[in-house]
Amino acid sequence: MDRLKVLSWSELTEPAGVYPAGIHAAVCEALREHSDVDCRLADITMPEQGLSEESLAWADVVVWFSHVHGSEIHDDLVARIVSHVTEQGMGFVALHSSLISTVFAALMGTTGWHSGWRDDATTEHIHFTAPEHPIAEGMKDFDIPQTEIFFEPFDIPEPEEVVFEGRWDTGEWFRSGCCFTIGKGRVFYFRPGHETYPIFFQPEVRRLLTNCVEWAGKRR
Ligand code: ZN
């Protein structure tokens with residue numbers, strides 16, 4: 001089988017002090033560490049906001065990080081991504097705050113929003129609710145030392161599987177890892193990754209993200 005082709009996209013608002021080369025570059029580095037991938041970077045400043053027909057046709061999976069600019073993607077480009085997922089079977093992995101983007105909403109058919117958030121830099125306990133799922137292979141429950149909390153309800157259709165959830169000692173929980181099949185494509189929501197913490201440099205997160213991207217690319 002060919003190498004998995006991944007387009008790692010960012011809106012570039014992550015702080016340079018935490019992600020000097022961007023979250024999208026940290027994602028590529030993580031994937032290369034654990035898998036045989038061909039990973040390219042794309043961002044919102046590129047022509048066609050980094051989402052040319054050629055680059056989407058090339059990609060088996062798009063990994064997406066947006067936060068404050070998630071609603072600024074041109075409608076035709078959102079439609080282009082959705083069509084590559086539903087018609088061509090391209091995978092899509094939405095990271096963390098990408099849940100408030102128009103592309104995630106278009107894929108979900110709902111708002112995709114959480115019900116609020118609180119950033120008090122507390123530990124998220126990642127608990128595998130589907131330990132037999134291929135995404136959970138080689139993983140054990142682990143902690144992310146500093147995180148932002150998202151609140152349920154999370155306005156998404158019923159996931160095909162919630163592979164892992166996040167739990168906080170203050171009582172909150174969130175469906176932090178959700179699988180969907182939309183048309184011919186697989187979509188994964190990956191909650192870890194608040195941009196002010198070095199979450200994508202944590203070894204367990206890097207391994208888990210790789211499993212998710214391989215699943216979205218139908219390699220697991
Ligand atoms: Zn955040």
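The rules behind the values
Residues numbered from 1 in each chain as written. Predicted model: local features only at pLDDT ≥ 70, side-chain atom pairs only at ≥ 80, totals over all residues. Heavy atoms only, no water. Disulfide = S-S within 2.5 Å. Helix = DSSP H or I, 4+ residues; strand = E, 2+ residues; numbered from the N terminus. Buried < 20%, exposed > 50% of the residue type's maximum accessible area, 1.4 Å probe, protein only. Pairing = 2+ DSSP bridges. Axes fitted to C-alpha atoms, helices over the stretch in contact; angles between N-to-C directions. Contact = heavy atoms within 4.5 Å. Salt bridge = Lys/Arg side-chain N within 4 Å of Asp/Glu carboxyl O. Donors = N, O, S within 2.8 Å, 3.2 Å for Na, K, Ca; no water.

**A few points about the state of the cysteines**
No. 1: Per the stated rule, a full pass over the model turns up one disulfide.
No. 2: Residue pairing for cysteine 28: its cysteine sulfur links by disulfide to cysteine 39, the two sulfurs lying 2.0 Å apart. One disulfide, between cysteine 28 and cysteine 39, carries an S-S torsion of -70° and so falls in the left-handed class. Here cysteine 28, found in helix 1 (residues 23-34), pairs with cysteine 39, found in strand 2 (residues 37-43); they are 11 residues apart in sequence, far enough to count as distant.
No. 3: The cysteine cysteine 178 is free of any disulfide, with cysteine 179 supplying the nearest cysteine sulfur at 7.8 Å.
No. 4: For cysteine 178, a relative accessible area of 0% corresponds to the buried category.
No. 5: Considering cysteine sulfurs only, cysteine 212 is the nearest to cysteine 179, which forms no disulfide, with 7.4 Å between them.

**What about the sheet that holds strand 5 (residues 117-128)?**
No. 1: Pairing is mixed in the open sheet, where nine strands are placed in the order 2-1-3-4-9-8-7-5-6. The open sheet has two edge strands, strand 2 and strand 6 (142-150), and neither has a second partner. The average undirected angle you get between the axes of adjacent strands in this sheet is 25°.
No. 2: Sheet topology note: the strand 4 (residues 91-95)/strand 9 (residues 185-190) ladder contains four bridges and is parallel. Bridge pairing in strand 9 places leucine 95 opposite phenylalanine 190.
No. 3: With respect to the sheet, helix 5 (residues 203-216) is in contact with strand 1 (4-10), strand 3 (61-65), strand 4, strand 5, strand 6, strand 7 (161-167), strand 8 (173-182) and strand 9, its orientation differing from that of strand 9 by roughly 160°.

**Comments concerning the pattern of salt bridges**
No. 1: Summed over all chains, the structure comprises 13 salt bridges.
No. 2: When the shortest N-O distance is used, the salt bridge between arginine 206 and glutamate 33 registers 3.0 Å. Of this pair, arginine 206 sits in helix 5 while glutamate 33 sits in helix 1, and the two are 173 residues apart along the sequence.
No. 3: In this structure, the salt-bridge partner of arginine 167 is glutamate 165, at a minimum N-O distance of 2.9 Å.
No. 4: Several salt bridges converge on common partners, so that one network encompasses Glu29, Glu33 and Arg206.

**Brief notes about the coordination of the zinc ion**
No. 1: Taken together, His96 (NE2), Glu148 (OE) and His194 (ND1) make up the protein donors of the zinc ion, found 2.0 to 2.1 Å from the metal.
No. 2: Each donor residue of the zinc ion belongs to the same chain, with the gaps between them written as H-x51-E-x45-H. Of the two residues, histidine 96 is situated in the loop between strand 4 and helix 4 (102-108) and glutamate 148 in strand 6; the sequence distance between them amounts to 52 residues.
No. 3: By relative accessible area, histidine 96 is classed as buried at 1%.

**Let's talk about unusual backbone geometry**
No. 1: A cis amide bond links glutamate 152 to the next residue, proline 153, at an omega of 0°.
No. 2: Inspection of the secondary structure puts proline 153 in the loop between strand 6 and strand 7.
No. 3: The backbone phi angle of histidine 96 is positive, close to 40°, even though this residue is not glycine.
No. 4: Residue alanine 121 is not a glycine yet carries a positive backbone phi of 55°.

**Remarks on the pairing of strand 5**
No. 1: Summarising the sheet, strand 5 and strand 6 pair through six bridges and their orientation is antiparallel. The partner of tryptophan 117 across the bridge, within strand 6, is phenylalanine 150.
No. 2: The sheet contact formed by strand 5 and strand 7 spans four bridges and is antiparallel. Counterpart to histidine 125 in the pairing with strand 7 is arginine 167.

**Observations concerning the pairing of strand 7**
No. 1: Sheet topology note: the strand 7/strand 8 ladder contains five bridges and is antiparallel. From the neighbouring strand, phenylalanine 164 faces strand 8, where its bridge partner is glycine 177.
No. 2: Counted between consecutive antiparallel strands, the loop separating strand 7 from strand 8 contains five residues, among which glycine 171 sits at a positive phi close to 105°.

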